[in-house]
Amino acid sequence: MQEKKITKRNKKNKLNQKALLKKTNYKKYFTKLVRIIREIIVIRYGHRTVRDYRVTSHCALVARALGAKEIIICGDKDESMKKSVDDVTKRWGGPFKVSFEEDWKNVFKKLKKKKIKLAHLTMYGENITGIEKKLKKEQKIAVLIGSQKVEREVYEKVDYNIAITHQPHSEIAALAIFLDRYQEGKELEKKFKNKKICIKGQKNGKKVVNLKRVGSKR
Ligand SMILES: C[S@@+](CC[C@H](N)C(=O)[O-])C[C@H]1O[C@@H](n2cnc3c(N)ncnc32)[C@H](O)[C@@H]1O
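Owing to the predicted nature of the structure, the values given are computational and were not obtained by experimental measurement.

The rules behind these values
- Residues numbered from 1 in each chain as written.
- Predicted model: local features only at pLDDT ≥ 70, side-chain atom pairs only at ≥ 80, totals over all residues.
- Helix = DSSP H or I, 4+ residues; strand = E, 2+ residues; numbered from the N terminus.
- Expected span 1.5 Å × (residues − 1).
- Contact = placed C-beta atoms within 7 Å.
- Near = placed C-beta within 6 Å.
- Nonpolar A, V, L, I, M, F, W, Y, C, P; charged D, E, K, R; others polar.
- Pairing = 2+ DSSP bridges.
- Axes fitted to C-alpha atoms, helices over the stretch in contact; angles between N-to-C directions.

S.K.: Quick question: what am I supposed to make of helix α3 (residues 53-65) here?
M.R.: With 13 residues, α3 should cover 18 Å at 1.5 Å per step; its first-to-last C-alpha distance of 18 Å lies within 8% of that length. Considering only its buried residues, α3 is in contact with β1 (39-47), β2 (70-75), α4 (79-92), β3 (97-101), β5 (140-145) and α8 (171-182). G67 occupies a position one or two residues after α3 and carries a positive phi of about 100°.

Rendered as structure tokens:
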């Protein structure tokens, strides 16, 4: 009889604990916290107007969609490229900033002062699979992707040279995989602020919601 009472009490305690955990939802809380604290900046090295317009625009769109807060473009000041990305941010939400800097060394100096770690994506670097764990401990990171040949000095000045496989491919793909690994897929649920339109995902068909017409600022 006594034993029955004890097991009943234990069961009740376990249920209470579960309910408490559900209420506090620690996992959600910490995930949110990490998401808020993490800061990602993308540096596009060596942009050339016209020639790199499409690829740089795609790098910026991937950076924005997959959780970076800014892209700094080192190279030609390409206002039309900036305008097209800014237009996307205005309509689909942000925050996301596009800026230009002639000299990558100035960018590095500023970021180092702010204690932001520098990661350079290159097929010659260490495979991401080997340093993923260490990388995730960095709260602020600036990730550099090249276009033309990257100077030797960049390899020496960064904190990490990271390979997304040791095969030659594309800066867009390398950036996307890096961002996904670094954020452990959490970027796929990112909420964008001050958007005018958004998509309500459908099993079939297309549904775009015009938030201005609905009258809400989500
Ligand atoms: C046209 S590729 C040049 C490939 C170059 N030989 C390199 O160092 O990776 C332009 C950019 O794509 C990125 N990239 C290409 N393949 C990569 C890989 N396997 N791992 C990481 N980044 C890569 C690099 O940022 C590189 O600067």
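S.K.: Just to check I follow, could you spell out the environment of F108 for this structure?
M.R.: By the secondary structure assignment, F108 is in helix α5 (residues 104-113). The contact partners of F108, leaving out residues within four places of it in the chain, are L118 and K157.

S.K.: In this structure, what is going on with the site of the ligand? I would like to understand it.
M.R.: In the neighbourhood of the ligand, 17 residues make up the surrounding shell, with L121, M123, G146, E171 and A174 lying closest. Where the shell around the ligand is concerned, the elements lending two or more residues are β4 (117-127) and α8. The element contributing the most residues to the shell around the ligand is β4, with four residues. Tallied by class, residues from the shell around the ligand come to nine nonpolar, seven polar and one charged.

S.K.: Explain the sheet that holds β1 here, please?
M.R.: Strand pairing in a sheet relies on backbone hydrogen bonds, with the paired strands running either antiparallel or parallel. If you trace the six strands from one edge of the open sheet to the other, you get β3-β2-β1-β5-β4-β6, paired in parallel fashion. The two strands at the open ends of the sheet, each matched to only one other strand, are β3 and β6 (160-163). Neighbour-to-neighbour, the strand axes of the sheet open up by a mean angle of 30°, direction not taken into account. Looking at chain direction, β1 and β5 are connected through six bridges and run parallel.

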